[in-house]
Amino acid sequence: MTVVAFAVVVVVSMWIGGSWGGLLADLGRRALDGKGEEAMPSVGSGGHAHGGGPPAAPTGPGQDGGTITIDPVMSQNIGVRIAEVASGPLIKTIRTVGTVDYDETRVRDVNLKVPGWIERIYVDYLGAAVEAGQPLFDFYSPDLFAAQEEYLLAWRNRDKIGADFVPDAAEGAQDLVAAAHTRLKYFDITDEQIEELQRQDQPQKTMTMRSPHSGIVMAKHANEGMRVELGMQAYRIADLSKVWVMVALYEYELPFTSVGQRATLSLSYVPGQALEGEVIYIYPYMETKTRQAMVRLEFDNPGLLLKPGMYANVELKATLAERATLAPRSAVIDTGERQIAFASLGEGRFEPRNVRIGVETEDGMVHVLSGLQPGELVVVSGQFLLDSEAKVREGTARMSKGRLAADEPPAMDQAPMWPEPAGSYFGRALDAYFGIGDALARDTPEKVWARARVLADAVAGLFAAEIPGGPEFWKQHPEAVTIGVEALGLASESDLSGARLRYANLSVALADFVMATGVPPDFGTTVLKLRCPMVRDGQGGSIWLQPDGVVRNPYFGRQMQECFEERTVLPVTGSTHSPGQHESSRDMP
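Residues numbered from 1 in each chain as written. Predicted model: local features only at pLDDT ≥ 70, side-chain atom pairs only at ≥ 80, totals over all residues. Heavy atoms only, no water.

## What to know about empty space enclosed by the protein
Then, in step 1: Applying the stated criterion across every chain, the model contains 5 cavities of 30 Å³ or more.
Then, in step 2: Counted as a void, the largest cavity has a volume near 70 Å³.
Then, in step 3: Elements with a minimum of two residues in the lining of the largest cavity: helix 8 (422-441), helix 9 (445-464), helix 11 (479-491) and helix 12 (496-517).
Then, in step 4: Residues belonging to the lining of the largest cavity are distributed by class as follows: 10 nonpolar, no polar and no charged. (1 Å grid on protein atoms, 1.4 Å probe; cavity = no way out; pocket = protein on both sides within 12 Å on 5 of 7 lines; lining within 4 Å. Points joined across faces, edges and corners; volume = space filled by probe spheres on them. Helix = DSSP H or I, 4+ residues; strand = E, 2+ residues; numbered from the N terminus. Nonpolar A, V, L, I, M, F, W, Y, C, P; charged D, E, K, R; others polar.)

## Structural notes on the environment of D138
Then, in step 1: With respect to the element layout, D138 can be found in strand 7 (residues 135-140).
Then, in step 2: Under the relative-accessibility criterion, D138 is labelled buried at 10%.
Then, in step 3: Note: C-alpha distance between D138 and I118 (20 residues apart in sequence) is 6.0 Å.
Then, in step 4: For D138, the residues in contact, after removing those within four places along its chain, are W117, I118, E119, R120, Y122, T206, M207 and T208. (Buried < 20%, exposed > 50% of the residue type's maximum accessible area, 1.4 Å probe, protein only. Contact = heavy atoms within 4.5 Å.)

## Observations concerning helix 6 (residues 191-200)
Then, in step 1: Among the residues making up helix 6, those that are buried are Q193, I194 and L197. Across the axial projection of helix 6, the buried residues extend over an arc of 100°, all falling on one side. With respect to the buried face of helix 6, the exposed residues turned more than 90 degrees away are E192 and R199.
Then, in step 2: Two residues or fewer past helix 6, D201 is found with a positive phi of approximately 55°. (Arc of directions from axis to C-beta.)

## Describing the nonpolar core
Then, in step 1: Membership of the largest hydrophobic core comes to 60 residues, with the highest contact counts inside it found for F513, W544 and L545.
Then, in step 2: Once residues lying within four places of it in the same chain are set aside, the contact partners of L545 are Y433, F434, Y503, L510, A511, V514, V527, L528, K529 and L570.
Then, in step 3: Within the second largest apolar cluster, 33 residues are counted, among which are L240, L267, A312 and V314. (Core = buried A, V, L, I, M, F, W, Y, C linked by side-chain atoms within 4.5 Å.)

## Topic: the side chain of T257
Then, in step 1: You can see T257 is positioned in the loop between strand 12 (242-250) and strand 13 (262-266).
Then, in step 2: The buried category is assigned to T257, whose relative accessible area is 8%.
Then, in step 3: In terms of polar contacts, T257 uses its side chain to reach the backbone carbonyl oxygen of E253, at 3.2 Å.
Then, in step 4: Setting aside chain neighbours within four positions, we find T257 in contact with I94, L249, V279, I282, V295 and L316. (Polar contact = N/O pair within 3.5 Å; in protein donor to acceptor, adjacent residues only side chain to side chain.)

## Some details on the pairing of strand 22 (residues 527-532)
Taken residue by residue, a regular strand's side chains alternate between the two faces of the sheet.
Then, in step 1: Counted residue by residue, strand 22 has 5 buried out of 6 residues, so it is predominantly covered.
Then, in step 2: Pairing between strand 22 and strand 23 (residues 542-547): 6 bridges, direction antiparallel. Opposite C532, over in strand 23, you have S542 as the bridge partner.
Then, in step 3: Across 4 bridges, strand 22 lies against strand 24 (residues 566-569) in antiparallel orientation. Paired with L528 across the strands is V569, a residue of strand 24. (Pairing = 2+ DSSP bridges.)

## Regarding the sheet that holds strand 9 (residues 215-220)
Then, in step 1: Pairing in this open sheet of 4 strands is antiparallel, and the strands run 4-11-9-6 from one edge to the other. The strands lining the two open edges of the sheet, one partner per strand, are strand 4 (107-111) and strand 6 (129-130).
Then, in step 2: By the bridge criterion, 5 bridges tie strand 4 to strand 11 (residues 233-238) in an arrangement that is antiparallel. In the sheet register, D109 faces strand 11, and the bridge partner there is R236.

## Things to note about the confidence of the model for the protein chain
Then, in step 1: The pLDDT averaged across the protein chain works out to 77; a share of 77% of its residues lies at or above 70.
Then, in step 2: With pLDDT under 50 throughout, residues 400-415 is counted as low confidence; its partners more than four residues away or in other chains account for 21 contacts.
Then, in step 3: Note that residues 576-589 has pLDDT below 50 and, in this model, 31 contacts with residues that lie over four places away or in other chains. (pLDDT = per-residue confidence, 0-100.)

## Concerning the layout of surface pockets
Then, in step 1: Estimates place the volume of the second largest pocket at around 1200 Å³.
Then, in step 2: Taken together, 38 residues line the second largest pocket, and the ones lying closest to its centre are L254, P255, F256, M534 and F556.
Then, in step 3: Top contributing element to the lining of the second largest pocket by residue count: helix 12, with 5 residues.

## Here we look at the sheet that holds strand 10 (residues 227-228)
Backbone-to-backbone hydrogen bonds pair the strands of a sheet. The strands run either parallel or antiparallel.
Then, in step 1: Read across the open sheet, the 4 strands follow the order 8-7-5-10; overall the sheet is antiparallel. At either end of the open sheet lies a strand with only one pairing partner, and these are strand 8 (206-210) and strand 10.
Then, in step 2: Bridge analysis of strand 5 (residues 116-121) against strand 10 gives 2 bridges, and the strand direction is antiparallel. Paired with W117 across the two strands is R227, which belongs to strand 10.

## A closer look at the packing of aromatic side chains
Then, in step 1: Taken as a whole and judged by the stated rule, the model has 13 aromatic pairs.
Then, in step 2: Both rings, one in F137 and one in F139, keep their centres 6.3 Å apart while their planes meet at 80°; by these two values the pair is edge-to-face.
Then, in step 3: A residue is classified by how much of its surface remains accessible, and F137, at 0% relative accessible area, is buried.
Then, in step 4: For F139, a relative accessible area of 2% translates into the label buried.
Then, in step 5: With a centroid separation of 6.1 Å and 80° between ring planes, the pair formed by W544 and Y555 is classed as edge-to-face. In this pair, W544 is assigned in strand 23 and Y555 in the loop between strand 23 and strand 24, connecting sequence segments 11 residues apart.
Then, in step 6: According to the relative accessible area criterion, W544 is buried, its value standing at 1%.
Then, in step 7: Following the ring pairs from residue to residue traces out a cluster consisting of Y433, F434, Y503, F523, W544 and Y555.
Then, in step 8: Over the ring of Y140 we find K205; its NZ or CZ atom is 5.9 Å from the centre of that ring.
Then, in step 9: Directly above the aromatic system of W244 lies the positively charged group of R296, at a separation of 4.2 Å from the ring centroid. (Phe/Tyr/Trp six-rings, centres within 6.5 Å; stacked < 30°, edge-to-face > 60°. Lys NZ or Arg CZ within 6 Å of the ring centre and 35° of its normal.)

## Re the packing of helix 9 against helix 11
Then, in step 1: Helix 11 packs onto helix 9 with a crossing angle of 150° between their chain directions and a minimal axis gap of 8 Å. As judged from the angle between their axes, helix 9 and helix 11 are roughly antiparallel. Crossing handedness for the pair helix 9 and helix 11: left-handed. Contact residues: V448, W449, A452, R453, L455, A456, V459 and F463 in helix 9; A480, V481, I483, G484, A487, L488, L490 and A491 in helix 11. (Axes fitted to C-alpha atoms, helices over the stretch in contact; angles between N-to-C directions. Parallel < 35°, antiparallel > 145°, perpendicular 65-115°, else oblique. Left-handed = near helix turned anticlockwise from the far one by under 90°.)

## Quick notes on unusual backbone geometry
Then, in step 1: Phi is positive for L304, which is not a glycine, with a value near 55°.
Then, in step 2: Checked against the element boundaries, L304 lands in the loop between strand 15 (292-300) and strand 16 (311-328).
Then, in step 3: Judged by relative accessible area, L304 falls into the partly exposed class, the value being 34%.
Then, in step 4: Positive phi values are uncommon outside glycine, yet D443 reaches one of about 60°.
Then, in step 5: Here D443 lies in the loop between helix 8 and helix 9.
Then, in step 6: Classification of D443 by relative accessible area gives partly exposed; the value is 31%.

The following block contains the structure:
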């Protein structure tokens, strides 16, 4: 392990803080004990080694001597610009277009419960605004007229019946009044109309039908003079004080969407005004042709600004992590097979790094899973010229060795045989990692934190153990530092979503390490690498490791435990076959 690598460990441990941060700093100290390495640089409060700028991450395998030196004047001439790798919240933003629709829970029908004729109409056009209790039309019905007469007859005789020889007659008269009153109510006659009927003491030819609630008339079938039948819909009234907005999201966007999530709506033709709403429902099925699922949002509608049928711009934001490593998207060269960034070491020196990136934020930053650390400087312009220079030097170096790259032995032939106690620590680390994955699959965060501490201890022991190759081994496998960093970060996470994000970073680093070194032969079980395509946007999913057996997806917990798309068998240390036996499966829910 180089001094530069240890500086990375110290900086990250200072960021994590606490006793577990001290443990990670111990990893580097143990790796340097008795190895004849140079003295460690002092680290100031800003996390930078004094006298050398920000610390550089360890170089990966095959990158020894890959540093490029360019005269500062030449760097300026070719337009090389640098920016700092930052640490901050990881926010995923989804932008889409939605359609305004009625809130189905606020739609009411006005139906007729007796046949008859409409004598006069008061609300006579679509789109009219009505208030609760407002007259809609005057209605004549023989059945309704007879019901009025029955009520008045019972009302007039309510106090006249009560002879001594019929003691229950008075009570029966009151029951007749109540029954006639109820019948009128069932015909949608209001209490105020019944009281007016009592005052006039004679039935009315027509009764006025009133609106059951406030809203906008969205359907009208009533006209003056028309005959209406029992059950006919006269009006449909919708309350537009709240509206729904329907949006279609692709399947890779659904992991970043949840019920209760805040949403922002804006109209392109009303600049400067935005409405706040929330996600109220995610439909449990998907369109097979478009690979989209519908999501329902709810918004208040002041001034009836939003009208059903409108298109609106919708923005959803999801905070995936409170703290993550972020680099400018322009700093990463994506070759299709790998992603490369150039770290600036100062004094015109640049180092190519293999990096893994995750979610891209709206401000042009990307989440760096491995390869860079906060505080480092990366090239954001002119890196293609540096990449060309690096390839020329790599080709020259291979020619000077007298052999072609194709003649080099595979990485697995160079893996150590894991002498004790290193093999035991490695096995203990795998067991702890498997325990973390099982706890995430069961949605039990307290077990995640406990197993993460065990994993950090095992990695510390692995750093301290004797391994063939000595410090050169750790220089070739910088992902081991990432494993320790993410294990300690996982032990301090306060919620499951943050734990799953760190677990994804940990899984990438551990998979790289195991693919390069192999599983200890005496571990006793086959180790699989699986991929879930529904995790992480823009990366084609995420991976995890687990022992051979029933698939237990750690990214969705009990919701989708058997979700996976690809399965790879990881090699055993010392094996000569090509790393990983690949299988494909479509056991998707």
